[in-house]
Every structure is written in structure tokens, then in C-alpha cells.
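Understanding the architecture of this molecule
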Amino acid sequence: MINHIWSWMFKTGMYDFLSMSSYRESLRKISENADLTSKKNIVDAGCGSGLLLEHVGEKLLDTNSFWTGVEITK
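My aim in this report is to walk through the structure given alongside it, one point at a time. Bear in mind that the values here come from a model prediction, so they are computed numbers and not experimental data.

**Thoughts on a nonpolar patch on the surface**
Side chains of Val 43, Val 70 and Ile 72 sit close together on the surface and give an oily, nonpolar patch of about 320 Å² of accessible area. Along the chain, Val 70 falls in strand S2 (residues 66-70).

Following this line, the structure appears as C-alpha cells:
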């Protein structure tokens with residue numbers, strides 16, 4: 001039952017909507033401090049719904065980097 005709820009929250013975007021502001025702030029700080037100035041292969045293990053990618057996505061477009069997000073919650 002719990003896995004089903006998490007899956008539904010990721011698919012519908014409710015997880016991101018309900019995320020605390022401090023969590024969103026930490027993602028913003030990660031994206032600001034990440035060295036994304038050259039081509040990189042990045043793995044985001046436990047990425048949830050991929051909210052971090054929303055913060056770093058534009059930086060990656062200019063670098064030819066490759067992003068892989070992995071989440072095992074069903």
C-alpha cells in the first residue's frame with residue numbers, strides 16, 4: 001500500500017508540490033554549486049520525481065552532459 005501511494009505521488013507531481021521549502025532550497029543550492037561547466041555523466045540515485053533535474057537542467061543543455069535519474073520506488 002505504501003509503495004503504491006509513493007508511486008502515485010511521483011506520477012501526479014504531488015510529491016514535488018508537497019515538498020518542504022527547505023528541501024527545495026537545498027536543491028537550488030546544489031544546482032548553484034555543481035560544477036557543470038564541461039561534459040559530464042551524472043547519476044542521480046534515489047531521484048524521486050526528478051526535481052533536482054528541474055534546477056540543473058538548463059545548465060546541462062550547454063555542456064553536452066548526460067543525466068540519468070534512478071528511483072526504485074514503485
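**Considering the environment of Trp 67**
Tracing the backbone shows Trp 67 in strand S2. Along the primary structure Trp 67 and Lys 40 are separated by 27 residues, whereas in three dimensions their C-alpha atoms are 8.3 Å apart. Contact partners of Trp 67, with chain neighbours within four places excluded, come to Ile 42, Asp 44, Leu 52, Leu 53, Val 56 and Leu 60.

**Thoughts on the side chain of Ser 65**
By the element assignment, Ser 65 lies in the loop between helix H4 (51-61) and S2. Polar side-chain contacts of Ser 65 include one of 3.0 Å to the backbone nitrogen of Lys 40. In terms of polar contacts, Ser 65 uses its side chain to reach the side chain of Thr 63, at 2.7 Å. Non-local contacts of Ser 65, meaning those with residues more than four positions away in its chain, are made with Ser 38, Lys 39, Lys 40 and Leu 60.

So, how was this worked out
- Residues numbered from 1 in each chain as written.
- Predicted model: local features only at pLDDT ≥ 70, side-chain atom pairs only at ≥ 80, totals over all residues.
- Heavy atoms only, no water.
- Patch = residues over 30% accessible without salt bridge, like charges linked within 9 Å, V, L, I, M, F, W, Y side chains within 5 Å.
- Areas by Shrake-Rupley, 256 points an atom, 1.4 Å probe, with all protein chains shown as cover.
- Salt bridge = Lys/Arg side-chain N within 4 Å of Asp/Glu carboxyl O.
- Helix = DSSP H or I, 4+ residues; strand = E, 2+ residues; numbered from the N terminus.
- Contact = heavy atoms within 4.5 Å.
- Polar contact = N/O pair within 3.5 Å; in protein donor to acceptor, adjacent residues only side chain to side chain.

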